[in-house]
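So you can see what is in the structure, the chains are spelled out below.
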Amino acid sequence: MSQNKLLQGLLVGAALGVIVSLFDRNTRNDVMNKSKNLSSNAKYYAQNREELVSTAKQQAEKVQNLYSRISEDASYVGEKVNELKGLTPQVKEMALETKQAFTETKDAIVETKDDVASALKEDNPSPTTSLGNDNSSSSTTGAGNSSNSFNSSTNSSKKA
């Protein structure tokens, strides 16, 4: 019983909505034009049933083609998703290796910086001392000793 009232209420509401919307002149004209078009199309296809059948077949073929394209696209996307699932561990491993290489490079740079800082903090660093070449430091040290002996001899002659 309540279903009948619900259905009746829906139909009455829809009819009232249509009537109210037809108060607008543009809506009324549009509805009239579309109704005339629909009526003329119905008459035409009633007289030419073969054309109606061929049009329906064409539309069915279009729908089938669209369905097959969508299914092909879906399978292609599925394949690509599976490829990505397979590549994800490889990419993750590569990223970890790259991170490790950067960390090792950073550690090497920090060690080099510490070595340079310690070399600069020596008590008497020689201005001509190179960090990697020990032979040149010994030759400059010998020249430095002779000048020091010259300075000490001149200082002793001034005292006398």
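Refer to the structure above for everything that follows.
**Regarding the overall build of the protein**
Link 1 in the chain: For the protein, the helix and strand inventory stands at four helices and zero strands.
Link 2 in the chain: Beginning at the N terminus, the succession of helices and strands in the protein can be written as α-α-α-α.
Link 3 in the chain: Burial statistics for the protein: of 160 residues in total, 1% are counted as buried.
Link 4 in the chain: Of the roughly 14,500 Å² of accessible surface on the protein, 58% is carried by carbon and sulfur atoms.

**Quick word on a nonpolar patch on the surface**
Link 1 in the chain: On the surface, a nonpolar cluster with roughly 530 Å² of combined accessible area is contributed by Val12, Leu16, Ile19, Val20 and Phe23.
Link 2 in the chain: Structurally, Ile19 can be placed in helix 1 (residues 2-21).
Link 3 in the chain: Residue classification places Ile19 among the partly exposed positions, given a relative accessible area of 47%.

**Things to note about the packing of helix 2 (residues 25-47) against helix 3 (residues 49-120)**
Link 1 in the chain: Following both chains from N to C, one finds helix 2 and helix 3 inclined at 105 degrees, their axes separated by 5 Å at the closest point. On the basis of the axis angle, helix 2 is roughly perpendicular to helix 3. Contacts between helix 2 and helix 3 involve Tyr44, Tyr45, Ala46 and Gln47 on the former and, on the latter, Arg49, Glu51, Leu52 and Thr55.
Link 2 in the chain: Of the residues contributing to the contact of helix 2 with helix 3, the split by class is four nonpolar, two polar and two charged.

**Section: the pattern of salt bridges**
Link 1 in the chain: All chains considered together, the criterion is met by two salt bridges.
Link 2 in the chain: Residue Asp30 is joined to Lys34 by a salt bridge in which the shortest nitrogen-to-oxygen separation is 3.7 Å. Placement of the pair is Asp30 and Lys34 together in helix 2, with a separation of four residues, close to one helical turn.
Link 3 in the chain: Salt-bridge contacts for Glu83 lead to Lys80; the nearest nitrogen and oxygen are separated by 3.6 Å. Placement of both Glu83 and Lys80 in helix 3 is noted, with a separation of three residues, approximately one turn of the helix.

**Digging into helix 3**
Link 1 in the chain: Here helix 3 contains 72 residues, and its C-alpha end-to-end distance of 101 Å stays within 8% of the 106 Å for a straight helix at 1.5 Å per residue.
Link 2 in the chain: At Leu87, helix 3 shows its maximal kink, close to 35 degrees; a proline, Pro89, follows between one and four residues later.

**Observations concerning a negative patch on the surface**
Link 1 in the chain: Residues Glu104, Asp107, Glu111, Asp114 and Asp115 make up a contiguous surface patch of negative charge.
Link 2 in the chain: One can find Glu111 in helix 3.

Each value, and the rule that gives it
- Each chain has its residues counted from 1, following the order in which its sequence is written.
- Under the rules for a predicted model, residues below a pLDDT of 70 receive no local features and side-chain atom pairs below 80 are neither given nor counted, while totals for whole chains, interfaces and linings still include all residues.
- Heavy atoms throughout the structure, all of them, feed into the side-chain values; hydrogens and water do not.
- By the criteria applied, helices consist of DSSP H or I runs no shorter than four residues and strands consist of E runs no shorter than two, each listed in order from the N terminus.
- Per-residue accessibility, obtained with a 1.4 Å probe over protein chains only, is compared with the maximum for each type, and a residue is labelled buried under 20%, exposed over 50%, and partly exposed between these values.
- Note that accessible areas follow from Shrake-Rupley with a 1.4 Å probe, and for residues the cover is restricted to the protein chains shown.
- Each patch is built from residues that are more than 30% exposed by relative accessible area and take part in no salt bridge. Like charges join if they lie within 9 Å; nonpolar side chains (Val, Leu, Ile, Met, Phe, Trp, Tyr) join within 5 Å.
- Here, a salt bridge means any Lys or Arg side-chain nitrogen found within 4 Å of an Asp or Glu carboxyl oxygen.
- Helix axes are fitted only over the stretch in contact, all axes being lines through C-alpha atoms; the angle between N-to-C directions runs from 0 to 180 degrees.
- Roughly parallel covers angles under 35 degrees, roughly antiparallel covers those over 145, roughly perpendicular covers 65 to 115, and oblique covers all other angles.
- Between two residues, a contact is recorded if the distance between any of their heavy atoms is within 4.5 Å.
- Gly falls in the polar group here, along with every residue not listed as nonpolar (Ala, Val, Leu, Ile, Met, Phe, Trp, Tyr, Cys, Pro) or charged (Asp, Glu, Lys, Arg).
- A helix's residues, less one, multiplied by 1.5 Å, set its expected span.
- Note that bend, as reported per residue, equals the angle between axes fitted to the 7 residues terminating at that residue and the 7 residues originating from it.
- His is not counted here, nor are the chain ends, while Lys and Arg score as positive and Asp and Glu score as negative.
- By convention, the charge on Lys lies at NZ, on Arg at CZ, on Asp at CG and on Glu at CD.

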